[in-house]
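# Working through the structure, step by step
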Amino acid sequence: MNKNIAVLAGDGIGPEIVAEAIKVLEKITDKFGHSFNYTEVDIGGCSIDKHGVPITKEGMEICKASDSVLLGAVGGPKWDNVDPSIRPEKALLAVRKELNLFANLRPTKLFPQLKNASPLKQEIVGNGIDLLIVRELTGGVYFGSRETKEVDGQLVATDLMPYSEGEIERIGRVAFETAMKRGKKLASVDKANVLDTSRLWRKTMHRLSEEYPQVEYSDILVDNTAMQLIKNPTQFDVLVTENMFGDILSDEASMLTGSIGMMPSASLSSGTLGMYEPIHGSAPDIAGMDIANPLGTILSAAMMLRYSFDMAKEADAIEEAVNKVLDEGYRTGDIFEQGFKKVTCSEMGSLVADRI
Ligand code: IPM
Ligand code: MG
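Residues numbered from 1 in each chain as written. Chains lettered and ligands numbered in written order. Predicted model: local features only at pLDDT ≥ 70, side-chain atom pairs only at ≥ 80, totals over all residues. Heavy atoms only, no water.

## Topic: the overall build of the protein chain
- For the protein chain, the count of helices and strands is twelve helices and 14 strands.
- Its C-alpha atoms give the protein chain a radius of gyration of 20 Å, near enough to 21 Å, the size a compact globule of 356 residues would have.
- Taken over 356 residues, the protein chain has a buried fraction of 53%.
- For the protein chain, the share of sequence-separated contacts (at least 6 apart) that also reach a separation of at least 24 residues comes to 75%. (Helix = DSSP H or I, 4+ residues; strand = E, 2+ residues; numbered from the N terminus. Rg over C-alpha atoms; globule rule 2.2 N^0.38 Å. Buried < 20%, exposed > 50% of the residue type's maximum accessible area, 1.4 Å probe, protein only. Contact = heavy atoms within 4.5 Å.)

Dropping the structure here:
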């Protein structure tokens, strides 16, 4: 199969980790007889430096016209003080919105080989953690109107958090359908004891839950979820939540896996077009040093094959190769323990590619 991939490497460690994912994808094309074309698009700070905006119109059109988008990371201290209207993160939000990528899947899996890298005690992580956060990605406070104005001699800032029933229902459906394919257990995370958006969220989820009697459904408040993720993470299968709660909880959950560097994500629309990126940021402090963990990006590429290209065998091949490399004791710095073999970012990418 022939596929066009828009490659948005971005800032910081973005280019290094994306290069490793492409190395692995190229191995897939050799082994399985596909052909992938990559079109590079500047995004984030590097685009601000070159074009004065975090993504150009042409760049956005390339993303829209491709079969999928592979993204590294955006942002860094260099651009912390640019005008908010052209911040690097703006481009990421614009791509999510313009491509209508409303469903963000963030699998949180603790590879058994990394048990000791998780900061939680063995008895808490049990036989491994395998949960999935379904985060609404194109609504809520990220996209509501905002302003800062002077009231009675002081500045007052407002960020609105709107949600329509339709927006809640479509992410709810993705969550229920996903739960049906996994452990058939879904927890919907909200703050219905305080927020109107959460009360509408809960009401809509309850209505949907009647259509999925096979799914064991529950509501859970977001503050309690934050606690339960540490206290008893194995109780969860699928979690569904609004945009900002999902942002925060997925960073928290990532630590269950030992390192945020391990976590992939898929951002999906109603069609097959999707964007795939690790959930970590641009890590400017280690950029260019070839020590970042590329596995989150490599596993994101596997999700791309599975969700956008319908290439399940190929996706399995990548995930099995990652498993093998971990079995053989190779570790980047973030997941390193005494007695294991420390490797660089590019060595890790090659090790995975060699095992496909
Ligand atoms: C994420 C990131 C982004 C978000 C930032 C970079 C805007 O933290 O993908 O989780 O908040 O969605
Ligand atoms: Mg985040």
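Continuing now.
## Here we look at the site of ligand 1
- Around ligand 1, the neighbouring residues are Glu89, Leu92, Arg96, Arg106, Arg135, Tyr142 and Asp247.
- Residue tyrosine 142 places a side-chain N or O atom 2.6 Å away from an oxygen atom belonging to ligand 1.
- Calculation on ligand 1 without its partners gives an accessible area of 320 Å², and the protein chains cover 77% of this total.
- Tallying contributions element by element places helix α4 (residues 88-98) first for the shell around ligand 1, with three residues. (Near = heavy atom within 4 Å. Polar contact = N/O pair within 3.5 Å; in protein donor to acceptor, adjacent residues only side chain to side chain. Areas by Shrake-Rupley, 256 points an atom, 1.4 Å probe, with all protein chains shown as cover.)

## Some details on the side chain of threonine 225
- Here threonine 225 is to be found in helix α8 (residues 222-231).
- Each residue touching threonine 225, except ones within four places of it in the same chain, is listed here: Val189, Ile220, Phe236, Leu239 and Leu249.

## Quick word on the packing of aromatic side chains
- Tallying each qualifying case throughout the model produces four aromatic pairs.
- Pairing tyrosine 163 with tryptophan 201 gives two aromatic rings, centres 5.7 Å apart and planes at 75°, and the pair type is edge-to-face. With tyrosine 163 in the loop between β7 (154-159) and α6 (165-181) and tryptophan 201 in helix α7 (residues 196-209), this residue pair connects regions lying 38 residues apart in the sequence. Considered together, tyrosine 163 and tryptophan 201 belong to a single accessibility category, that of buried residues.
- The interplanar angle of 25° and the centroid separation of 5.8 Å between the aromatic rings of phenylalanine 176 and tyrosine 217 together place this pair among those described as stacked. Here tyrosine 217 lies in strand β9 (residues 216-221) and phenylalanine 176 lies in helix α6, a separation of 41 residues in the sequence. (Phe/Tyr/Trp six-rings, centres within 6.5 Å; stacked < 30°, edge-to-face > 60°.)

## Quick notes on the environment of isoleucine 22
- Topologically, isoleucine 22 is positioned in helix α1 (residues 14-32).
- On a C-alpha basis, the gap between isoleucine 22 and glutamate 136 in space is 28 Å, while along the polypeptide they are 114 residues apart.
- Among residues more than four places away in sequence, those in contact with isoleucine 22 are Val7, Tyr38 and Leu70.

## Section: the pattern of salt bridges
- The final tally for this structure, using the stated rule, is 23 salt bridges.
- The residue glutamate 20 makes a salt bridge to lysine 23 at a minimum N-O spacing of 2.7 Å. One end of the pair, glutamate 20, and the other, lysine 23, are both in helix α1, three residues apart, so they sit about a helical turn from each other.
- Among the residues examined, glutamate 20 registers a relative accessible area of 5% and is labelled buried. (Salt bridge = Lys/Arg side-chain N within 4 Å of Asp/Glu carboxyl O.)

## Quick notes on the sheet that holds strand β11 (residues 266-268)
- Judged by pairing direction, the sheet is mixed, and its ten strands sit side by side in the order β2-β1-β3-β12-β11-β4-β5-β10-β8-β9 without closing on themselves. On the outer flanks of this sheet lie β2 (35-40) and β9, each paired with one strand and no other. The average angle at which neighbouring strand axes cross in this sheet is 25°, direction not considered.
- In terms of strand pairing, strand β3 (residues 68-73) meets strand β12 (residues 274-276) through two bridges, oriented parallel. (Pairing = 2+ DSSP bridges. Axes fitted to C-alpha atoms, helices over the stretch in contact; angles between N-to-C directions.)

## Details of the environment of aspartate 190
- Position of aspartate 190 relative to the elements: it lies in strand β8 (residues 185-190).
- Among the residues examined, aspartate 190 registers a relative accessible area of 1% and is labelled buried.
- Linking aspartate 190 and leucine 200, residues ten residues apart in sequence, is a C-alpha distance of 9.9 Å.
- When near neighbours in sequence (up to four residues on either side) are disregarded, aspartate 190 contacts Ser198, Trp201, Arg202, Ile220, Leu221, Val222 and Phe245.
- Among the polar contacts made by the side chain of aspartate 190, one reaches the main-chain amide nitrogen of alanine 192 at a distance of 3.1 Å.

## Regarding α1
- In this model, α1 (19 residues) spans 27 Å end to end at C-alpha, consistent with the 27 Å of a helix rising 1.5 Å per residue.
- Turning to α1, its buried residues are Gly14, Glu16, Ile17, Val18, Glu20, Ala21, Ile22, Val24, Leu25, Ile28 and Thr29.
- Those residues of α1 that are buried are in contact with β1 (2-10), β2, β3, α10 (295-307), α11 (312-327) and α12 (345-354). (Expected span 1.5 Å × (residues − 1).)

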